[in-house]
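Fold and contact review
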Amino acid sequence: GWGRGGSVGGTCFLRPGPGPDGETNKHCQDYRGGALGGDLCEDLCEAGKLRYRRCLYYERGKKVLQADWRGRPVVLKSKEEAFSSFPPLGLLDGQPGAGGQDLPEAELLVLAAGEARSALGLAPAEGGLVRLGLARRGPRRRGQLASLWALLQQEEFVLLSLLRGRSPHAPPVLGSCGHFYAVEHLAAGSPGHRALFPLGPDGGRRGQARAVSGVALSFLDMVRHFDHDFAHRLHLCDVKPENFAIRSDFTVVAIDVDMAFFEPKMREILEQNCTRDEDCNFFDCFSKCDLRVHRCGAQRANSNLQVVCDKIFRHWFSSPRGSSAMPGPLRGQLRAAVQECAAPSTQGTPRMLGRLRSLLQAALRELQDGEELHPWAKSRPRGDTHRGTPGAAQKAPVGLDHHPLE
């Protein structure tokens, strides 16, 4: 999750442009030398409009930084600290200076599609790579191609780029420089937070219960969306509050999708050798061991809904204290439904999702009917650090109207 501060085993720092001592960091040196590129490099290295603020996470090479970009908070991410950690694009070997001008677009598209297929377990949709800009000529083409190659080797970048404009539950990629890509900054949930997510001014127990019910409904919408709205189901294998955030309209956003996989990739991951069922557990995604052939089943045995019920909803609805403001009969029905939903043997996910949705909608109606509208009821949650209108962050900012894989 992005909310974990500090660093482990290295320096979590990316200094933009010339520092106070007149030195430049390696990243910007490489940009000026033509070794890397991207639509954020000019703001980072020359204009001073992309400024580092703090480290959010650094472990085993993965680096997550908070920065200010043109007055808005963003997050810069890369799964490797150094640009040189990514295997280079072989087609650039032997290209002189800032070369790459004569590389054939068709060959580049084949290579890019191969990297995307490796990351996703499936080929991009027809035409999905046409707007990569691989045919553009210019003095920085070599660095741009090398950077795109490093980005294509990062599964999360490929997935978020594919989902851009197609999902309200995933943050859009805003731009990149070298191997770093930028997404909007949203405050993540926390296992230690009394409501799991920062839900804004308290407003009493009823206000908190209304907010929790609204967020829970958005989780259900996300589950349905990931299960049915793409050519293949999208599996979430690492479900915890730190990997999600909420927008000002209580829309749930999956802000860390390192462990999210479309069905073909999920089947490939699960189908392993085994001697017992426990060998077939991949984080929050499970299958069963076939003892006749000692192979895990390729079909996932649990579901996104079951894991959300277990890891998120139990905290809210399975204890009297967690849902104390709910109307009495509904509180008991919700608690029973969540416990049933979280059970690994639960069947009939669509039926369970519909039942939970109906109960939450009924709870919201009763909570709203049972109180007068206070000023706090209209206030926005503190969790959305991008102070725009709901949905505004779905659009790319000025100057970033194109991005790879869109």
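Placed above this text is the structure.
Attention in this report is confined to the structure presented alongside it. Position labels on residues start from 1 in each chain and follow its written sequence. Totals for whole chains, interfaces and linings use every residue, but because this is a predicted model, local features are given only for residues with pLDDT of at least 70 and side-chain atom pairs only at 80 or more, for both listing and counting. Heavy atoms from the whole structure form the basis of all side-chain values; hydrogens and water molecules are not counted.

When we look at burial in helix α7 (residues 263-270), the residues that qualify are Glu 263, Lys 265, Met 266, Ile 269 and Leu 270. An end-on view of α7 places all buried positions within 160° of arc, on one side of the element. For each residue, the accessible area found with a 1.4 Å probe, counting protein chains only, is set against the maximum for its type, and the residue is called buried under 20%, exposed over 50%, and partly exposed in between. Strands are runs of DSSP state E lasting at least 2 residues, helices are runs of H or I lasting at least 4, and numbering of each runs from the N terminus. Directions drawn from the helix axis to the C-beta atoms are what define this arc.

What follows is about the pattern of salt bridges. Pairing of side chains with opposite charge becomes possible as their charged atoms draw close. Each reported salt bridge corresponds to a side-chain nitrogen of Lys or Arg within 4 Å of a carboxyl oxygen of Asp or Glu. As enumerated under the stated definition, the model contains 24 salt bridges in all. The shortest N-O distance in the salt bridge between Arg 224 and Asp 229 comes to 3.2 Å. By relative accessible area, Arg 224 is classed as partly exposed at 29%. Residue Asp 229 is classed as partly exposed on the basis of its relative accessible area of 38%. Among the salt bridges present, the one from Glu 268 reaches Lys 265, with a minimum N-O distance of 3.9 Å. Pair noted here: Glu 268 and Lys 265 are both in helix α7, with a separation of three residues, about one helical turn. On the accessibility criterion, Lys 265 (15% relative accessible area) is buried. One network of salt bridges, in which partners are shared, links Lys 62, Asp 256 and Asp 258.

Here the phi dihedral of Arg 60 falls at roughly 50°; this positive angle occurs in a residue that is not glycine. For Arg 60, the location among the structural elements is in the loop between β1 (50-59) and β2 (62-69). For Arg 60, a relative accessible area of 70% puts it in the exposed group. Backbone geometry at Phe 250 places phi at a positive 70°, although glycine is not the residue there. Inspection of the secondary structure puts Phe 250 in the loop between β7 (244-246) and β8 (252-254).

To continue, consider the state of the cysteines. Each disulfide consists of a covalent bond between the sulfur atoms of two cysteine residues. Disulfides are defined in this document as cysteine sulfur pairs within 2.5 Å. Applying the stated criterion across every chain yields a total of six disulfides. The side chain of Cys 41 participates in a disulfide bridge whose partner is Cys 177; the two sulfur atoms lie 2.1 Å from each other. Note on the Cys 41 and Cys 177 pair: the S-S dihedral is about 105°, so by sign convention the disulfide is right-handed. Here the residue Cys 41 occupies a position in helix α2 (residues 41-47), and Cys 177 occupies one in strand β4 (residues 173-177), the gap between them amounting to 136 residues. Across the pair, exposure class does not vary: Cys 41 and Cys 177 are buried alike. Residue pairing for Cys 274: its cysteine sulfur links by disulfide to Cys 289, the two sulfurs lying 2.1 Å apart. As the torsion about the S-S bond is roughly 90°, the Cys 274-Cys 289 disulfide counts as right-handed. One end of the pair, Cys 274, is in the loop between α7 and β10 (281-282); the other, Cys 289, is in strand β12 (residues 289-290), with 15 residues separating them in the sequence. A relative accessible area of 10% means that Cys 289 is categorised as buried.

Running from N to C, helix α6 (residues 204-228) and helix α8 (residues 304-317) point in directions that differ by 175°, and their axes come no closer than 11 Å. Considering their axes alone, α6 and α8 lie roughly antiparallel with respect to each other. Along the contact surface, α6 presents Val 212, Val 215, Ala 216, Phe 219, Leu 220, Val 223, Phe 226 and Asp 227, while α8 presents Asn 304, Leu 305, Val 308, Ile 312, Phe 313, Trp 316 and Phe 317. Each residue receives one of three labels: charged for Asp, Glu, Lys and Arg, nonpolar for Ala, Val, Leu, Ile, Met, Phe, Trp, Tyr, Cys and Pro, and polar for the others, Gly being one of them. Within the contact of α6 with α8, the residues separate by chemical class into 13 nonpolar, one polar and one charged. To get an axis, fit a line to the C-alpha atoms, keeping to the stretch in contact for a helix; angles then go from 0 to 180 degrees between the N-to-C directions. Here the word oblique covers every angle except those under 35 degrees (roughly parallel), over 145 (roughly antiparallel) and from 65 to 115 (roughly perpendicular). Residues count as neighbours in contact if any of their non-hydrogen atoms are within 4.5 Å of one another.

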